[in-house]
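# Summary of the model geometry
Residue strings, one per chain:
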Amino acid sequence: MTRAVTLLAPAKVNLALAVVGKREDGYHELRSVFATIDLADRVRVAAQRTLEVRIAPDVGAPPGEDLASRAVRALATAAHRDPSAFVHIRKRVPVAAGLGGGSSDAGAVLRALATIWQPQDVDLVALGASVGSDVPFFASGACVAFVGGRGEQVEPLPDPKAIHLVIVRMRERLSTKDVFAELRRDDRGAAAAVDRLRAAFARRQITPEVLRENAQNDLLGPAARLCPAIADARSRAAGKGIALSLTGSGPTLFAVADDRRDALRLARILRRTGLVAHAHTIAR
Ligand code: C5P
């Protein structure tokens, strides 16, 4: 019997994100292409008689209300077990950044605990939706996926050849809830870009140009209204000929590079403008 599992919980970027409607439950209907990157938390889950979740450094969530604790409880309920486990999370992904760090930890907890508990007939993707909107994608284990609904529809896409990005981290934090609340009807317009990107991944026709042309996000307008540093960073980058796109509800930004060398070059140029920029890849 497996008693302990350690997994990497990768961050994600939304290569494109469209808000296509508001639902009766208050959530928004999305269409997005999600991709995991080579920046990850480390999540260790072990069998234990009580529930103990340690997150280092601390993310500031009230005890028991972090997404990892909620994931343990959700799987325990579905598997008819006591919600008891030891979870240790070593955080490297910035919090409230639009990189899905907390959701990825929850997805990793679901996958690790399912390996330890071996529950029958539990759909981790469906269960993930009860923990948080981005959790189904991470519970699926896909590297790239089309995500629809409020986040619960996950259609894995073929793994691409290496995609090189520059991630620009911001000091500010943004609450997803606040960004959605700030959204206006005229912010919407990225749906066609999402569909083009999804089709290009499905046909394995992804190039840096296709990624750059379609890197649109309907949450950019509301996020930039709440966080002026976003517009400032984008205009500094634009001054050097570099287009920065928003991931999720922000404030993290990214640029698509031609290859690894180009990513290192772009990151250097962006750092010279005072931004915190690092080269990354889309990776499993
Ligand atoms: O599901 P999660 O807790 O991650 O969502 C945080 C908040 O973001 C929700 O309370 C909701 O206000 C907003 N949200 C939304 N539509 C989505 C996902 C999130 O309105 N599809």
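Before any of the text, the structure's been laid out above.
What you are looking at is a predicted structure, and each value in this text was computed from that prediction instead of being measured. (Residues numbered from 1 in each chain as written. Predicted model: local features only at pLDDT ≥ 70, side-chain atom pairs only at ≥ 80, totals over all residues. Heavy atoms only, no water.)

### Focus on the overall build of the protein chain
Looking only at helices and strands, the protein chain features 10 helices and 10 strands. For the protein chain, whose C-alpha radius of gyration is 18 Å, the value lies close to the compact-globule estimate of 19 Å for 284 residues. Referenced to the eigenvectors of the C-alpha coordinate spread, the extents of the protein chain come out at roughly 55 × 40 × 35 Å. Taking all 284 residues of the protein chain together, the buried fraction comes to 51%. Considering only residue pairs separated by 6 or more positions, the protein chain has 75% of its internal contacts joining residues 24 or more positions apart. Of the roughly 13200 Å² of accessible surface on the protein chain, 48% is carried by carbon and sulfur atoms. Of note, the protein chain has its 41 positive side-chain charges centred 6 Å away from the centre of its 30 negative side-chain charges. (Helix = DSSP H or I, 4+ residues; strand = E, 2+ residues; numbered from the N terminus. Rg over C-alpha atoms; globule rule 2.2 N^0.38 Å. Buried < 20%, exposed > 50% of the residue type's maximum accessible area, 1.4 Å probe, protein only. Contact = heavy atoms within 4.5 Å. Areas by Shrake-Rupley, 256 points an atom, 1.4 Å probe, with all protein chains shown as cover. Lys, Arg positive; Asp, Glu negative; His and termini not counted. Charge placed at Lys NZ, Arg CZ, Asp CG, Glu CD.)

### Overview of the site of the ligand
If you check the shell around the ligand, you find Gly26, Tyr27, His28, Leu30, Gly132, Ser133, Arg150, Thr176, Lys177 and Phe180 and nothing else. Interatomic distance of 2.5 Å between a side-chain N/O atom of Ser133 and an oxygen atom of the ligand. At 3.3 Å from a nitrogen atom of the ligand is found a main-chain nitrogen or oxygen belonging to Arg150. Of all the cavities here, the one that holds the ligand is the largest pocket. For the shell around the ligand, the elements supplying multiple residues, two or more each, are strand E2 (28-46) and helix H5 (176-182). Examining the composition of the shell around the ligand, we find that three residues originate from one element, H5, more than from any other. (Near = heavy atom within 4 Å. Polar contact = N/O pair within 3.5 Å; in protein donor to acceptor, adjacent residues only side chain to side chain. 1 Å grid on protein atoms, 1.4 Å probe; cavity = no way out; pocket = protein on both sides within 12 Å on 5 of 7 lines; lining within 4 Å. Sits in = over half its atoms within 2 Å of the grid points.)

### Concerning the layout of surface pockets
Its boundaries defined by the atoms lining it, the largest pocket holds a volume of some 1300 Å³. In this structure, the largest pocket is lined by 48 residues; those nearest its centre are Leu67, Ser103, Asp134, Thr176 and Lys177. Those elements that place two or more of their residues in the lining of the largest pocket are strand E1 (4-22), E2, helix H1 (67-79), helix H2 (101-117) and H5. Looking at the lining of the largest pocket residue by residue, the classes come out as 22 nonpolar, 15 polar and 11 charged. (Points joined across faces, edges and corners; volume = space filled by probe spheres on them. Nonpolar A, V, L, I, M, F, W, Y, C, P; charged D, E, K, R; others polar.)

### Describing the environment of Thr115
Within the element layout of this structure, Thr115 appears in helix H2. On the basis of relative accessibility, which here comes to 34%, the residue Thr115 falls in the partly exposed class. Distance in space between the C-alpha atoms of Thr115 and Val45 is 9.9 Å, their sequence separation being 70 residues. What Thr115 contacts, discounting residues up to four positions off in sequence, is Thr2 and Val5. A distance of 2.9 Å separates a polar side-chain atom of Thr115 from the backbone oxygen of Arg111.

### What to know about the environment of Ala4
Relative to the helices and strands, Ala4 is located in strand E1. With relative accessibility at 35%, the residue Ala4 sits in the partly exposed group. Along the backbone, Ala4 and Arg44 are 40 residues apart, and their C-alpha atoms lie at a distance of 7.1 Å.

### Describing the packing of aromatic side chains
Tallying each qualifying case throughout the model produces two aromatic pairs. Between Phe137 and Phe138, the aromatic rings sit 5.1 Å apart at their centres with planes inclined by 65°, giving edge-to-face as the arrangement. Summarising the burial analysis for this pair, Phe137 and Phe138 share the class buried. The residue whose ring lies beneath Arg198 is Phe146, and the NZ or CZ to ring-centre distance is 3.7 Å. (Phe/Tyr/Trp six-rings, centres within 6.5 Å; stacked < 30°, edge-to-face > 60°. Lys NZ or Arg CZ within 6 Å of the ring centre and 35° of its normal.)

### Some words on H1
In this model H1 runs 18 Å from its N-terminal to its C-terminal C-alpha over 13 residues, within 8% of the 18 Å that 1.5 Å per residue would give. Restricting attention to buried positions, one finds in H1 the residues Ala68, Ser69, Ala71, Val72, Ala74, Leu75, Ala76 and Ala79. The elements touched by buried residues of H1 are strand E3 (51-56), strand E4 (85-90), H2 and helix H3 (124-129). The opening residue of H1 is Asp66, an N-cap whose side-chain oxygen sits 3.2 Å from the backbone nitrogen of Ala68. Looking one or two residues beyond H1, the residue adopting positive phi is His80, at roughly 55°. (Expected span 1.5 Å × (residues − 1).)

### Here we look at the pattern of salt bridges
Within the structure shown, the criterion is met by 16 salt bridges. One salt bridge in this structure joins Asp105 and Lys91, with 2.7 Å as the shortest N-O distance. One end of the pair, Asp105, is in helix H2; the other, Lys91, is in the loop between E4 and H2, and 14 residues separate them in sequence. The exposure class assigned to Asp105 is buried, which follows from its relative accessible area of 4%. For Lys91, a relative accessible area of 10% gives the class buried. When salt bridges that share partners are traced, they join Arg23, Asp25, Glu29 and Glu152 into one network. (Salt bridge = Lys/Arg side-chain N within 4 Å of Asp/Glu carboxyl O.)

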